[in-house]
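A closer look at the structure
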Amino acid sequence: MLDNDLLVKVHRQNLSTLLFINNITTDWHRHPSLQLTISLHNMSFELETPDEKKDVFGFIIQSNIPHKLSAPDVCCINLLIGPEDPYYHLLSHFTETNPVYFLTNKEALKIASYFIKSVTISQPFELYHVYKLLCESDPNCSCDQDNRINKAVSIISSLPIKQISSREIAEKIHLSESRFLHLFRSELGINFRSYLLWKRLQDVIDILDSPTTLTKLASDMGFSDSAHFSRTCLSSLGLRPSQLKRALIIDNNDIMCGKHYCLYSVFQALHT
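Starting afresh in each chain, residues are numbered from 1 along the sequence in its written order. In keeping with the predicted nature of the model, local features appear solely for residues at pLDDT of at least 70, side-chain atom pairs appear and are counted solely at 80 or more, and the whole-chain, interface and lining totals rest on all residues. Only hydrogens and water are set aside when side-chain values are computed; all heavy atoms of the structure are taken into account.

**Remarks on the side chain of Thr17**
Quick note on the threshold: A run of H or I in DSSP becomes a helix once it reaches four residues, and a run of E becomes a strand once it reaches two; helices and strands are each numbered from the N terminus. Only protein chains enter the area calculation, which uses a 1.4 Å probe; residues under 20% of their type maximum are buried, those over 50% are exposed, and those in between are partly exposed. Each polar contact in these results corresponds to two N or O atoms within 3.5 Å; when the atoms are within protein, one needs to be able to donate a hydrogen and the other to accept it, and residues that are neighboring in sequence are counted only if both atoms are side-chain atoms. Residue contacts are defined here by distance: any two heavy atoms, one from each residue, within 4.5 Å place the two residues in contact.
The topology assignment puts Thr17 in strand S2 (residues 16–25). Taking relative accessible area as the criterion, Thr17 reaches 7% and is therefore assigned buried. Within polar-contact distance, the side chain of Thr17 engages the side chain of Arg12 at 3.3 Å. Contacts of Thr17, omitting those with residues within four sequence positions, involve Val10, His11, Arg12, Asn78, Leu79, Leu80 and Gln202.

Written as structure tokens, this is what we have:
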């Protein structure tokens, strides 16, 4: 279920996706990315997981945890950090004792301010700095990824269409196929086929605001058909492709959040 005035802008940086969102309500969904979601103002929103439903100002949730959001008339920033990102493990330490780490209003506002400033001055954001905004002590983390998996991820990222067999990748990094598949899941927490599907979905979202039909976009990025794409989008993001496409193409001049145009400058920066 989704109101027509949902607004979304996508900002990709390396292996992370930053979403600026207003007025979102999602269905149940899960994905392989670590998710950081924060309210931009002194306004809470609702997070529901299989274990609890809670009003929050922000949270970090582990990958592959089913959840849904209800944030009517609230501006949020949603950061998806891929399991292949070198800082994924650093931020995942916040969810070691509980699959969801709840942020205070003060913490949420500090992080929101940092992201907004980074985007509006066209300066890359640093996930290490996000960590430091939440934790003053230096991280005690030695979660280095296997270089062979790093190479496999790099090969996948370089593909214009994310279609490649596990055997092909295994040969390129000098592993047997079975050993590669086991190592891939062990390192990234997701199986190889599901990871490829997630990357295809991200590629479609990057071009979803084009005038091309959803069926053509899905086909161009490697989905078997539009129904497959729709199911993947709904199960991974809690939104239908048609809803997300409408949200991406709404005129920037319509951006507002209750009292004032808080996201206007951010959306303008992303639009240029």
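**Concerning the pairing of S2**
Basically, it comes down to this: Pairing between strands requires that DSSP locate at least two bridges from one strand to the other.
For S2, the buried fraction is high: nine of the ten residues fall into the buried class. With seven bridges connecting them, strand S1 (residues 7–13) and S2 associate as antiparallel partners. Bridge assignment links His11 to a residue of S2, and that residue is Leu18. What sits between S1 and S2 in their antiparallel hairpin is a turn of two residues, with Asn14 showing a positive phi close to 55 degrees. As judged from the nine bridges shared by S2 and strand S7 (residues 68–81), these two strands associate in the antiparallel manner. Paired with Asn22 across the strands is Cys75, a residue of S7.

**Some remarks on the packing of helix H7 (residues 192–206) against helix H9 (residues 226–237)**
Applicable threshold: Axis lines are fitted to C-alpha atoms, over the contacting stretch for helices. Their N-to-C directions set the angle, which ranges from 0 to 180 degrees. In these notes the angle categories are as follows: under 35 degrees is roughly parallel, over 145 is roughly antiparallel, 65 to 115 is roughly perpendicular, and the rest is oblique. Any residue that is not Ala, Val, Leu, Ile, Met, Phe, Trp, Tyr, Cys, Pro, Asp, Glu, Lys or Arg is counted as polar, Gly included; the first ten are nonpolar and the last four charged.
Where H7 meets H9, the closest approach of the two axes is 10 Å, and the angle between their N-to-C directions is 95 degrees. Judged by the inter-axis angle, H7 sits roughly perpendicular to H9. Contact residues: H7 offers Leu197, Trp198, Leu201, Val204 and Ile205, while H9 offers His228, Phe229, Thr232, Cys233, Ser236 and Leu237. Looking at side-chain class alone, the contact of H7 with H9 contains eight nonpolar, three polar and no charged residues.

**A short note on the pattern of salt bridges**
Operational definition: Each reported salt bridge corresponds to a side-chain nitrogen of Lys or Arg within 4 Å of a carboxyl oxygen of Asp or Glu.
Applying the stated criterion across every chain yields a total of nine salt bridges. Between Asp27 and Arg240 there is a salt bridge whose closest N-O contact spans 3.6 Å. On the criterion of sequence distance, the pair formed by Asp27 in the loop between S2 and strand S3 (34–39) and Arg240 in the loop between H9 and helix H10 (241–249) is long-range, its members being 213 residues apart. The class of Asp27 is partly exposed, set by a relative accessible area of 25%. In this structure, Lys68 and Glu48 form a salt bridge, with 3.8 Å as the shortest nitrogen-oxygen distance. Placement of Lys68 in strand S7 and of Glu48 in strand S4 (residues 45–48) is noted, with a sequence separation of 20 residues between them.

**What about the side chain of Ser63?**
Turning to its location among the elements, Ser63 is positioned in the loop between strand S6 (58–61) and S7. The exposure class of Ser63 is buried, given its relative accessible area of 16%. At a separation of 2.9 Å, a polar atom in the side chain of Ser63 contacts the side chain of Tyr88. Those residues in contact with Ser63 that sit more than four places away from it in its chain are His31, Pro32, Ser33, Leu34 and Tyr88.

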